[in-house]
Amino acid sequence: MQIKSLSFILTEDCNFNCTYCRQKKEKIYLSNDTITRAVDFFFPYLTERPFIFFYGGEPLLAFDRIQHTVHRFQQVSRKQDKNILFSLSTNGALLDQPKLEFFDRHRFDVLISYDGLVQDDSRKAGTSDRTHRAIDEVKNYPGITMSINSVYSPDTVSRLCESIKYIVESGQTRVRLGLCMD
């Protein structure tokens, strides 16, 4: 068996309340013991260049678990060299210098959920500015590859083109687009 990717859903908890999200937002967190056992079990089955994904709720609420997972992979990888690629999906609001330095040092792919011009309509007023500042800050870390995930619903789809244009004109070239029927 060869596993190309492994995902860790670190928590169901989230600091945003997006109208299209179906996450329960319970304060449940994956334990470091479970992470260690999962890494140790799956590591021998990973391909030479596996992708390790971190999701949530908001995975940055469990940043210590991200650090633990990366360090555990580094420990077991010393015995069998693999080129492990890490990826994180976040709303970006909790990104700060220590986290960005960690992601930069470990060459993370960071997917920021940002709904462009409709974000304050589909989430909470003020989240757009915070997320946009985080996107601008990530640009200062050359070890981080950034992508944008932008989701639109029937209530916000009328501003889809305008929002995507805004995102691209702000310098983002890696954009994922999602449509939600709620």
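Structure: above.
This write-up is about the structure you can find in this document. If you're wondering where the values come from, they're calculated on a predicted model, not measured in any experiment.

What follows concerns helix H3 (residues 97-105). Of the residues making up H3, those classed as buried are Lys 99, Leu 100, Phe 102 and Phe 103. Angular distribution of buried residues about the axis of H3 spans 160°; they occupy a single face of the element. Of the residues in H3, the exposed ones pointing more than 90 degrees away from the buried face are Pro 98 and Arg 105. Buried residues in H3 make contact with helix H2 (63-77), strand S3 (85-90), strand S4 (109-113) and helix H5 (127-138). Where H3 begins, one side-chain oxygen reaches toward the backbone nitrogen of Lys 99, 3.1 Å away; that side chain belongs to Asp 96. Downstream of H3 by one or two residues, Arg 107 has phi in the positive range, about 55°.

All right, on to the sheet that holds strand S6 (residues 175-179) then. Spatially, six strands are ordered S1-S2-S3-S4-S5-S6 in an open sheet, and the strand pairing comes out parallel. Both edges of this open sheet fall to strand S1 (3-9) and S6, since each of them pairs with a single strand only. Strand-to-strand twist in this sheet, taken as the mean axis angle between neighbours without regard to direction, amounts to 20°. In this sheet, strand S2 (residues 46-55) lies alongside S1 in parallel orientation, the contact comprising six bridges. Bridge assignment links Ile 3 to a residue of S2, and that residue is Leu 46. Those strands touched by H2 are S1, S2 and S3, and its axis lies near 170° from that of S2.

Conventions we followed
Residues numbered from 1 in each chain as written. Predicted model: local features only at pLDDT ≥ 70, side-chain atom pairs only at ≥ 80, totals over all residues. Heavy atoms only, no water. Buried < 20%, exposed > 50% of the residue type's maximum accessible area, 1.4 Å probe, protein only. Helix = DSSP H or I, 4+ residues; strand = E, 2+ residues; numbered from the N terminus. Arc of directions from axis to C-beta. Contact = heavy atoms within 4.5 Å. Polar contact = N/O pair within 3.5 Å; in protein donor to acceptor, adjacent residues only side chain to side chain. Pairing = 2+ DSSP bridges. Axes fitted to C-alpha atoms, helices over the stretch in contact; angles between N-to-C directions.

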